[in-house]
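# Coordinate inspection notes
Next come the chains, spelled out residue by residue.
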Amino acid sequence: MQAEYANANVWDPVHIDLAKPETWPDAKTNRYDVVFAINLFHVAPIAIAESVAQIAARVLNQTGFLAIYGPFKVDGNYTAPSNEAFDRELRAANAPEWGLKDVRDVEKAANEHGIVLAQQLALPANNFMLVFGRP
Ligand SMILES: C[S@@+](CC[C@H](N)C(=O)[O-])C[C@H]1O[C@@H](n2cnc3c(N)ncnc32)[C@H](O)[C@@H]1O
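A brief structural summary. Please read all numbers here as calculations on a predicted model, not as lab measurements. (Residues numbered from 1 in each chain as written. Predicted model: local features only at pLDDT ≥ 70, side-chain atom pairs only at ≥ 80, totals over all residues. Heavy atoms only, no water.)

## Quick notes on the nonpolar core
Rule in force here: Joining through side-chain atoms within 4.5 Å is the link that ties buried Ala, Val, Leu, Ile, Met, Phe, Trp, Tyr and Cys residues into a set, and such a set is a nonpolar core. Per-residue accessibility, obtained with a 1.4 Å probe over protein chains only, is compared with the maximum for each type, and a residue is labelled buried under 20%, exposed over 50%, and partly exposed between these values. Put simply, DSSP H or I for four residues or longer makes a helix, DSSP E for two residues or longer makes a strand, and each gets a number counted from the N terminus.
Within the largest apolar cluster, 26 residues are counted, with the highest numbers of intra-cluster contacts made by Phe-41, Leu-66, Ile-68, Phe-72, Leu-130 and Phe-132. Looking at this core, the elements with two or more residues in it are strand S1 (32-38), helix H2 (47-59), strand S2 (60-70), helix H4 (103-111) and strand S4 (127-133). Counting residues per element, this core draws most heavily on H2, at six residues.

Structure follows, in structure tokens:
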């Protein structure tokens, strides 16, 4: 793809399955400033939080950060009726383990890997940006 699009400053995409650690980037050879997950958590089981936290803790530089964007519950509560409806829809139409995760559960998984929630930003359309970094 680099050749095809003449963008030497963009690496070819790598396939990562968050449920399969053998597909994860090797921290010895790869260090990143940012790990960015967009609209992932509501279409996967909560175990994905553990995987994302583990990868971030493994490959982020000392000052790097993990940014997670999407709809979340906060302290067990929906932040909008539309998010509650979306949550029910996702679980009914796909799998019971899909649906909105709680910020606190994502934070718990991150803390277990030594990264902490630095910012919880409320964004338009009832979404959040959760920014995690090393303490
Ligand atoms: C709702 S789409 C979001 C796609 C894109 N990030 C966006 O915001 O438009 C969810 C994405 O999560 C990915 N995904 C789901 N489970 C995954 C897993 N175990 N490992 C890696 N990616 C996963 C899917 O392949 C899909 O691309």
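## A closer look at the sheet that holds S4
Rule in force here: Note on pairing: DSSP must find at least two bridges between two strands before they are called paired. Orientation is described by lines fitted to C-alpha atoms, with helices fitted over the stretch in contact, and by angles between N-to-C directions that extend from 0 to 180 degrees. Only heavy atoms enter the contact rule, under which two residues are in contact if any of them lie within 4.5 Å.
Pairing in this open sheet of four strands is mixed, and the strands run S1-S2-S4-S3 from one edge to the other. The open sheet has two edge strands, S1 and strand S3 (116-123), and neither has a second partner. Between one strand axis and the next, the sheet turns through 15 degrees on average, direction left out of account. With six bridges joining them, S1 and S2 adopt parallel strand pairing. Its bridge partner being in S2, Val-35 is matched across the sheet by Leu-66. Where H2 meets the sheet, it contacts S1 and S2, and its direction lies at approximately 155 degrees from that of S2. Sitting on the sheet, H4 touches S2, S3 and S4, and the angle it makes with S3 is about 155 degrees.

## Things to note about the site of the ligand
Using the following cut-off: Any residue with a non-hydrogen atom lying within 4 Å of a molecule or strand is treated as near it. The term polar contact refers here to a pair of N or O atoms within 3.5 Å; inside protein, the definition further demands a hydrogen-donor-capable atom paired with an acceptor-capable atom, and it admits residues adjacent in sequence only when both atoms are side-chain atoms. Classification convention: Asp, Glu, Lys, Arg as charged; Ala, Val, Leu, Ile, Met, Phe, Trp, Tyr, Cys, Pro as nonpolar; all other residues, Gly among them, as polar.
Taken together, Ile-16, Asp-17, Leu-18, Ala-19, Ile-38, Asn-39, Leu-40, Val-43 and Ile-48 make up the full set of residues near the ligand. Interatomic distance of 2.9 Å between a backbone N/O atom of Ile-38 and a nitrogen atom of the ligand. In the environment of the ligand, an oxygen atom lies 3.3 Å from a nitrogen or oxygen atom belonging to the side chain of Asn-39. The residue makeup of the shell around the ligand, split by class, is seven nonpolar, one polar and one charged.

## Describing a nonpolar patch on the surface
To be explicit about the condition: Each patch groups residues whose relative accessible area exceeds 30% and which form no salt bridge, using 9 Å between like charges and 5 Å between nonpolar side chains of Val, Leu, Ile, Met, Phe, Trp and Tyr. Note on areas: Shrake-Rupley with a 1.4 Å probe; residue coverage comes only from the protein chains shown. The term salt bridge refers to a side-chain nitrogen of Lys or Arg lying within 4 Å of a carboxyl oxygen of Asp or Glu.
A cluster of nonpolar residues, Val-34, Phe-36, Ile-38 and Phe-65, forms a patch on the protein surface that exposes about 360 Å² of accessible area. Under the relative-accessibility criterion, Phe-36 is labelled partly exposed at 47%.

## Some words on the pattern of salt bridges
Two side chains that carry opposite charge are able to pair once their charged atoms sit near each other. This model, assessed by the stated rule, comprises six salt bridges. Put simply, Arg-88 and Glu-84 hold a salt bridge, and the shortest N to O gap is 2.5 Å. Separated by four residues within a single helix, Arg-88 and Glu-84 lie in helix H3 (residues 81-93), roughly one turn from each other. By relative accessible area, Arg-88 is classed as exposed at 52%. Classification of Glu-84 as partly exposed rests on a relative accessible area of 29%. One network of salt bridges, in which partners are shared, links Asp-75, Arg-104 and Glu-107.

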